[in-house]
Amino acid sequence: MSITVAVPTGNIGKFLLPKLLESGKDVTVLTRSPQKLDPIIRERVIIQQGALEDENFILEATKGTEALYWLNPGNKKAEDVHGWYRLYGKSVSNAVRKNKIPFVVNISTIIPEVVEAGVADGIVHVEEYLNETDANVVHLRPGFFLENLLPQISELKSKGTITFPIPPDREVAFIATSDIADVAADYLLNKNWKGKKIHVLHGGEDLTFEAAVKSLSSAVGSTLKYNYISLENFYEDLVTKGVTKAAAEGYTDIYRSMHLPREVEGIRSSETTTPTTVGLWGKRVLKPKLDSL
């Protein structure tokens, strides 16, 4: 029996795998691109190569799984965003049911289902499919990944700007993906819950982007600025970069939901708060990356 990890080279998976391997457990990874794995990690895991939306692949690759870590990667070429995530939902739930996988840790979204939120709404479909199985399932609903800033590392270095279509005065629940990995690893290794559970993860702190940029400026030792762009400009930029209109609308809708007068899902508590603040992440992750450019 092994722990099986989908998307092992993602922002969470790269922190999760070492933690699982330290436990001495057998670990299987599901990946399209095994070459992206760290060579040291690659030697220590069982590799199953294929696509997560391929129902037959997932069914075969997860045989003998005692605990499954599942994450739903996006598809910028999707013509039907909701349909794409339903494929994931059908794929994983079929495998969980037929292989009688007893425990599943699913990475979902902090954005409540009551809000029209594009890709986030699509991810909730996977929750629904998994909830129809007999497995013990925990849906981790993390906030805004601090790692979402890293694709802008060149602009951060050259212009000192961070650009998003999020109002500068809107509080955001920022979270480091290493902290998500810690929580996921605890569930996967201890398997200490029953039934279906939602675990919201608010991260280290709630900050507006203006406040977050000030904190990051102190952390990296240079002045950074927040550049707010409109939803329309964000959408048009995605399409210009080759993202399908359907997928671009789906991603834009996530940020559109952050313009609505609502609270972040759930009440912050010790269970939902993780240790890494924005400033600490800036020192540990962002500064070394900027210094290396």
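These numbers were taken from a predicted model, which means no experiment stands behind them.

### Observations concerning the environment of V104
Locating V104 in the fold gives a position in strand 5 (residues 103-107). With relative accessibility at 0%, the residue V104 sits in the buried group. Put simply, V104 and Y187 are 83 residues apart on the chain and 8.9 Å apart in space, counted from C-alpha to C-alpha. Other than its neighbours up to four places away in sequence, V104 contacts L68, V96, L130, A135, N136, V137, V138 and W193.

### Quick look at the pattern of salt bridges
By the definition in use, this model includes eleven salt bridges. In this structure, E66 and K25 form a salt bridge, with 3.3 Å as the shortest nitrogen-oxygen distance. Highlighted residues: E66 in strand 4 (residues 65-70) and K25 in the loop between helix 1 (13-22) and strand 2 (27-31), separated in sequence by 41 residues. We note a salt bridge from D237 to K241, for which the minimum N-O separation is 3.1 Å. Its relative accessible area of 35% is what places D237 among the partly exposed residues. What you see here is one network of salt bridges that share partners, running through E249, D253 and R256.

### Examining helix 10 (residues 245-257)
Here helix 10 spans 18 Å end to end across 13 residues, near enough to the 18 Å set by a 1.5 Å rise per residue. Along helix 10, the positions that sit buried rather than exposed are A247, A248, G250, Y251, T252, D253, I254, Y255 and S257.

### Concerning the packing of helix 9 (residues 231-240) against helix 10
At their nearest, the axes of helix 9 and helix 10 sit 9 Å apart, and the two run at 150 degrees to each other. In this view, helix 9 runs roughly antiparallel relative to helix 10, as classed from their interaxial angle. In this structure, helix 9 meets helix 10 at a crossing whose hand is right-handed. In this structure, helix 9 contributes L231, F234, Y235, L238 and V239 to the contact, and helix 10 contributes K245, A248, E249, Y251, T252, Y255 and R256. Here the residues of the contact of helix 9 with helix 10 sort into eight nonpolar, one polar and three charged.

Procedures and definitions
Residues numbered from 1 in each chain as written. Predicted model: local features only at pLDDT ≥ 70, side-chain atom pairs only at ≥ 80, totals over all residues. Heavy atoms only, no water. Helix = DSSP H or I, 4+ residues; strand = E, 2+ residues; numbered from the N terminus. Buried < 20%, exposed > 50% of the residue type's maximum accessible area, 1.4 Å probe, protein only. Contact = heavy atoms within 4.5 Å. Salt bridge = Lys/Arg side-chain N within 4 Å of Asp/Glu carboxyl O. Expected span 1.5 Å × (residues − 1). Axes fitted to C-alpha atoms, helices over the stretch in contact; angles between N-to-C directions. Parallel < 35°, antiparallel > 145°, perpendicular 65-115°, else oblique. Left-handed = near helix turned anticlockwise from the far one by under 90°. Nonpolar A, V, L, I, M, F, W, Y, C, P; charged D, E, K, R; others polar.

Geometry only, nothing functional implied.
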